[in-house]
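A closer look at the structure
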Amino acid sequence: MSQEDPSAGRRKRKPYIAANWKMNLDRNQALDMIKTLKARLGDGDDREVAVFAPAVYLADVAAVSQGSPIGLGAQNMHWEENGAFTGEISALMLRGVGVDRVLIGHSERRHLFFEKDEWMGRKIRAALDHDILPTLCVGETIEERKAGKAQEVIARQLKTGLEWAQAIEMSRVTIAYEPVWAIGTGETATPDQAGEAHGMIRDWISDRFGAEVADDLRILYGGSVKADNVKELMAVEGVDGVLVGGASLQPDAILPIIEFDK
Ligand code: PEP
């Protein structure tokens, strides 16, 4: 990117709308949803759309979404290929059912299931090794924000999550900034708060991997994104897409987000 045109990087980063269904939707609802998205989306040229479905539906959703540009993601994975890890799913298994991406370190995994920071680095490494695109989720709790520690927490999550990634692989990585206090609460980060966090993340990536990597990296915002705030958030410098939970569960809620400026 030239020094004279700071928005050039932004223009080349394709907007990315990611739907995290969490532990929601029954099988028929999941398949209906993917059929609706497939029918409605065009060729995916001007924006990227992906669905992070519950693991038990991934194979079926893959079959239905085949032939469409919709990406299919898992909500978590283990870093080993196989072994005595009851309840876990490996990158190898995900690849085998047509999954092409995965969320790593979602705040619900970190805070409700006590997944450790250092696990995320191993998971990102395993995803990259198995040709699965990882989205590393980072973000501070309200206590951490109030204590003035938001940036420190995000930096630690970036450091541990990207510990084993190399600059040349970073074009396959996405970062999602998801302040924990905004997830599922109806409270959204203000444009200033989002802009500040995204700027800090891009600067951190630039220091660690170089300016070119930082310029190409897509950083999503997640936390109570809805049809009526998506445009404002997407207008923030450094916000390249959104990760949507609650509002991704009904076509009427997610379609206007996907088509936010149309
Ligand atoms: C999420 O699950 O990543 C999320 C951002 O949820 P919500 O949109 O419901 O806040």
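Here, every reference points to the structure presented above.
This one's a predicted model, so the numbers in the text were calculated from it and none came from an experiment. (Residues numbered from 1 in each chain as written. Predicted model: local features only at pLDDT ≥ 70, side-chain atom pairs only at ≥ 80, totals over all residues. Heavy atoms only, no water.)

Notes on the pattern of salt bridges
Put simply, the rule is: The salt bridge criterion pairs a side-chain nitrogen of Lys or Arg with a carboxyl oxygen of Asp or Glu, the two atoms within 4 Å. We count a stretch as a helix when DSSP gives it H or I for four or more residues in a row; a strand needs E for two or more, and each element gets its number in order from the N terminus. Exposed residues in this analysis have more than 50% of their type's maximum accessible area, buried residues have under 20%, and partly exposed residues fall in between, with area computed by a 1.4 Å probe over protein chains only.
Scanning all chains against the criterion turns up 21 salt bridges. Between Asp-215 and Arg-13 there is a salt bridge, with its nearest N and O atoms 3.7 Å apart. Pair noted here: Asp-215 is in helix 10 (residues 211-216) and Arg-13 is in the loop between helix 1 (8-12) and strand 1 (16-20), with a separation of 202 residues, a long-range link. With a closest N to O distance of 3.0 Å, Glu-115 and Arg-109 form a salt bridge. Using a relative accessible area of 7% as the deciding quantity, one classes Glu-115 as buried. A residue is classified by how much of its surface remains accessible, and Arg-109, at 23% relative accessible area, is partly exposed.

A look at the site of the ligand
The following threshold applies: Being near a molecule or strand, for a residue, comes down to having at least one heavy atom within 4 Å of it. Here a polar contact is taken to be a pair of N or O atoms separated by no more than 3.5 Å, where protein atoms must pair a possible hydrogen donor with a possible acceptor and residues adjacent in sequence count only if both atoms sit in side chains. Areas reported as accessible are Shrake-Rupley estimates using a 1.4 Å probe. Residue values count occlusion only from the protein chains shown. When residues are grouped by polarity, Ala, Val, Leu, Ile, Met, Phe, Trp, Tyr, Cys and Pro land in nonpolar, Asp, Glu, Lys and Arg in charged, and all others, Gly among them, in polar.
In the vicinity of the ligand lie 14 residues, with Lys-22, Glu-178, Gly-184, Ser-224 and Gly-245 positioned nearest. Contacts to the ligand include Glu-178, whose side-chain N or O atom sits 2.6 Å from an oxygen atom. Expressed as a share of its isolated accessible area of 290 Å², the protein-covered part of the ligand is 96%. The residue inventory of the shell around the ligand, partitioned by class, reads 4 nonpolar, 8 polar and 2 charged.

Observations regarding the sheet that holds strand 2 (residues 48-52)
How we decide: One bridge is not enough; two strands pair if DSSP finds at least two bridges between them. Here an angle of 0 to 180 degrees is reported between the N-to-C directions of two axes, which are lines fitted to C-alpha atoms, with helices fitted over the stretch in contact. Pairs of residues are marked as contacts when any of their non-hydrogen atoms sit within 4.5 Å.
If you trace the 8 strands once around the closed barrel, you get 1-2-3-4-5-6-7-8, paired in parallel fashion. Recorded for the sheet is a direction-independent mean angle of 25° between the axes of neighbouring strands. Sheet strands in contact with helix 6 (residues 117-129) are strand 4 (101-104) and strand 5 (133-138), and its direction is about 160° off that of strand 5.

A few points about the packing of helix 8 (residues 150-161) against helix 9 (residues 191-209)
Convention followed: Angles below 35 degrees are treated as roughly parallel, those above 145 as roughly antiparallel, those between 65 and 115 as roughly perpendicular, and all remaining angles as oblique. Two helices that cross are described as forming a left-handed crossing if the nearer one is turned anticlockwise from the farther one by less than a right angle, and a right-handed crossing if clockwise.
Two elements in contact, helix 8 and helix 9, have axes separated by 11 Å at closest approach and are oriented at 40°. It follows that helix 8 is oblique to helix 9 by the angle criterion. By crossing handedness, the relation of helix 8 to helix 9 is classed as right-handed. Seen from helix 8, the contacting residues are Gln-151, Ile-154, Ala-155, Leu-158 and Lys-159; seen from helix 9, they are Glu-196, Ala-197, Met-200, Ile-201 and Trp-204. Broken down by class, the residue content of the contact of helix 8 with helix 9 amounts to 7 nonpolar, 1 polar and 2 charged.

Keep in mind these numbers describe shape, not what the thing actually does.
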